[in-house]
Amino acid sequence: MPRRNPARERARERARQRKKAHHPDAFRCVSCRLDVPMIAPGTAHRNHCPHCLTSLHVDHRIPGDRRAACRGRMAALSITVRPDGEWLIIHHCQSCDELSANRIAGDDNALALLRIAMRPLSAPRLPLPAWAG
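The sections below set out a description of the structure shown in this document. Since we're looking at a predicted model, the values are computed, not measured.

Conventions and cut-offs
Residues numbered from 1 in each chain as written. Predicted model: local features only at pLDDT ≥ 70, side-chain atom pairs only at ≥ 80, totals over all residues. Heavy atoms only, no water. Helix = DSSP H or I, 4+ residues; strand = E, 2+ residues; numbered from the N terminus. Buried < 20%, exposed > 50% of the residue type's maximum accessible area, 1.4 Å probe, protein only. Contact = heavy atoms within 4.5 Å. Areas by Shrake-Rupley, 256 points an atom, 1.4 Å probe, with all protein chains shown as cover. Core = buried A, V, L, I, M, F, W, Y, C linked by side-chain atoms within 4.5 Å. Polar contact = N/O pair within 3.5 Å; in protein donor to acceptor, adjacent residues only side chain to side chain. Salt bridge = Lys/Arg side-chain N within 4 Å of Asp/Glu carboxyl O. Disulfide = S-S within 2.5 Å.

## Considering the overall build of the chain
1) Next: When helices and strands are tallied, the chain shows two helices and six strands.
2) Next: Scanning the chain from its N terminus toward the C terminus, one meets helices and strands in the order α-β-β-β-β-β-β-α.
3) Next: Going through the 133 residues of the chain one by one, you find that 25% of them count as buried.
4) Next: A sequence separation of at least 24 residues applies to 32% of the contacts in the chain between residues at least 6 apart.
5) Next: About 10,000 Å² of surface is accessible on the chain, with carbon and sulfur atoms providing 57% of the total.

Encoded structure:
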């Protein structure tokens, strides 16, 4: 008969408790570890954390299809604006280098969005060639 390992049993019990605590209508952010509700104002398919704007590479071609095989972490790289004024977050996959555009949600952290939008203005100027003057 195998010997019992109390530490292993406690670890298994903690893992079971974490699975029970996870709600199907929410996901845990891979970056800041906050529980994020799937329902978001302004978008039908939430796929990024409203606090840190980090996402997972889950959608392949259509928002909400959840068919991407990569499942890598996607960092918020930039902001773009549609002609109608809607903001989109440009995410960069850390695993496969793919770029994707995702609509912002109404509860996204406004300060985090502005920090990303201001990056080009705060970065040092690109070096100019000597002949440019």
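## With respect to the nonpolar core
1) Next: Listed in full, the seven residues of the largest apolar core are Leu53, Ala76, Ile79, Ile89, Ala112, Leu113 and Ile116.
2) Next: Contributions of two or more residues to this core are made by strand S4 (73-81) and helix H2 (110-122).
3) Next: Counting residues per element, this core draws most heavily on H2, which supplies three residues.
4) Next: For Ala112, the contacting residues outside a window of four places in its chain are His51 and Leu53.

## Digging into the side chain of His48
1) Next: Topologically, His48 is positioned in the loop between strand S2 (35-37) and strand S3 (55-56).
2) Next: At a separation of 3.3 Å, a polar atom in the side chain of His48 contacts the side chain of Asn47.
3) Next: Within the structure, His48 has its side chain in polar contact with the side chain of Asp108 (distance 2.8 Å).
4) Next: Apart from residues no more than four positions distant in its own chain, His48 is found in contact with Phe27, Val36, Leu53, Thr54, Ser55, Ile89, His91, Arg103, Ile104, Ala105 and Asp108.

## Brief notes about the pattern of salt bridges
1) Next: As enumerated under the stated definition, the model contains four salt bridges in all.
2) Next: Note that Asp107 and Arg46 form a salt bridge whose closest N and O atoms lie 2.5 Å from each other. You can see Asp107 sitting in the loop between strand S6 (99-103) and H2 and its partner Arg46 sitting in the loop between S2 and S3, a full 61 residues away along the chain.
3) Next: With a closest N to O distance of 2.5 Å, Glu86 and Arg103 form a salt bridge. Within this pair, whereas Glu86 is found in the loop between S4 and strand S5 (87-93), its partner Arg103 is found in strand S6, the two being separated by 17 residues in sequence.

## Description of the state of the cysteines
1) Next: Summed over the entire model, instances satisfying the criterion amount to zero disulfides.
2) Next: Left without a disulfide partner, Cys29 is nearest to the cysteine sulfur of Cys52, which lies 3.5 Å away.
3) Next: Classification of Cys29 as buried rests on a relative accessible area of 2%.

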